[in-house]
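# Examining the three-dimensional arrangement
Listed below, chain by chain, are the residues.
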Amino acid sequence: MSISKKSFLDLSQHFASDGFKAGFTLRSFPCSSPNDRIRFAEELSLKPSKLVVPKQIHSNTVYTCHREGRVEGVDALISGNRDMVLSIQVADCIPLFLLDNNANICALIHAGWRGTVKKIVTNTIQEMVSIGSKIKDIKALMGPSIQQCCFEIGPEVAEKFPKAFLRNGELDRSYLDLQGVVQTELIDLGIKEKQIIFLSECTSCHPEMFHSYRRNGKKAGRMIAICGWV
Ligand SMILES: [Zn+2]
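Residues numbered from 1 in each chain as written. Predicted model: local features only at pLDDT ≥ 70, side-chain atom pairs only at ≥ 80, totals over all residues.

Another aspect to go through is the environment of isoleucine 138. Position of isoleucine 138 among the secondary structure elements: in strand β10 (residues 138-142). For isoleucine 138, a count of 26 C-beta atoms within 10 Å translates into the label buried. In this structure, the C-alpha to C-alpha distance between isoleucine 138 and cysteine 227, residues 89 residues apart in sequence, is 15 Å. For isoleucine 138, the residues in contact, after removing those within four places along its chain, are Leu98, Asp100, Ile125, Met128, Ser133, Ile191 and Gln195. (Helix = DSSP H or I, 4+ residues; strand = E, 2+ residues; numbered from the N terminus. Buried ≥ 20, exposed ≤ 12 C-beta atoms within 10 Å, placed from the backbone. Contact = placed C-beta atoms within 7 Å.)

Structural data, given as structure tokens:
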């Protein structure tokens, strides 16, 4: 998709689902926690009072939301009703949006390499199915994240991934295609390839658009991903 001059990406049209909204902030979005999420929810006409805000720890823990507010130690959120507004923060990791339009179930996953190795994507989809989703109805969208061009890793990380998703770098370094890993996992779970949308902008390559942990280190800002029904 084309790069917008606005301060966030409205991803809702990718889902073409009545009343479902999804968005992703850009670097220019005025960020100061916790007001940034409230403001972003308002921008998308989502109810700020229904925000769920996880404390993320690169785990494979999935939380099915029954009430708004903070949740400790989870990296995937599921909403099984149209009432909750899901949010996560990322700065290179993949923000993975999932929607089952028929069952009115959505999920938002913070998928970095650690959570992906621990199968957070599979855990989330299994949980969606256990509360009424059908695999054939699930649509997935991977938001802006660090791409293989910049995702340099050492051998201790590379050994956790199939060779097909690695490109050789200098000495013992490799470059990881994490989006490819996640896409393959989704397809192996039974999600059709045409139901998987993939935004190919690299967060590390575009300093004018995105914060990047890889590029800016610990002081890097964060982007917010959010979804829910109006
Ligand atoms: Zn890049």
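It is worth spelling out helix α1 (residues 35-43) at this point. Within α1, the full set of buried residues consists of Arg37, Phe40 and Ala41. All buried residues of α1 fall inside an arc of 100° around its axis, so they share one side. Turned more than 90 degrees away from the buried face of α1 sit Asn35 and Glu42, all of them exposed. One or two steps after α1, the chain reaches serine 45, where phi turns positive at roughly 65°. (Arc of directions from axis to C-beta.)

What follows concerns helix α5 (residues 178-188). Residues Leu178, Gln179, Val181, Val182 and Leu186 constitute the buried set of α5. Seen end-on, α5 carries its buried residues on one side only, within an arc spanning 160°.

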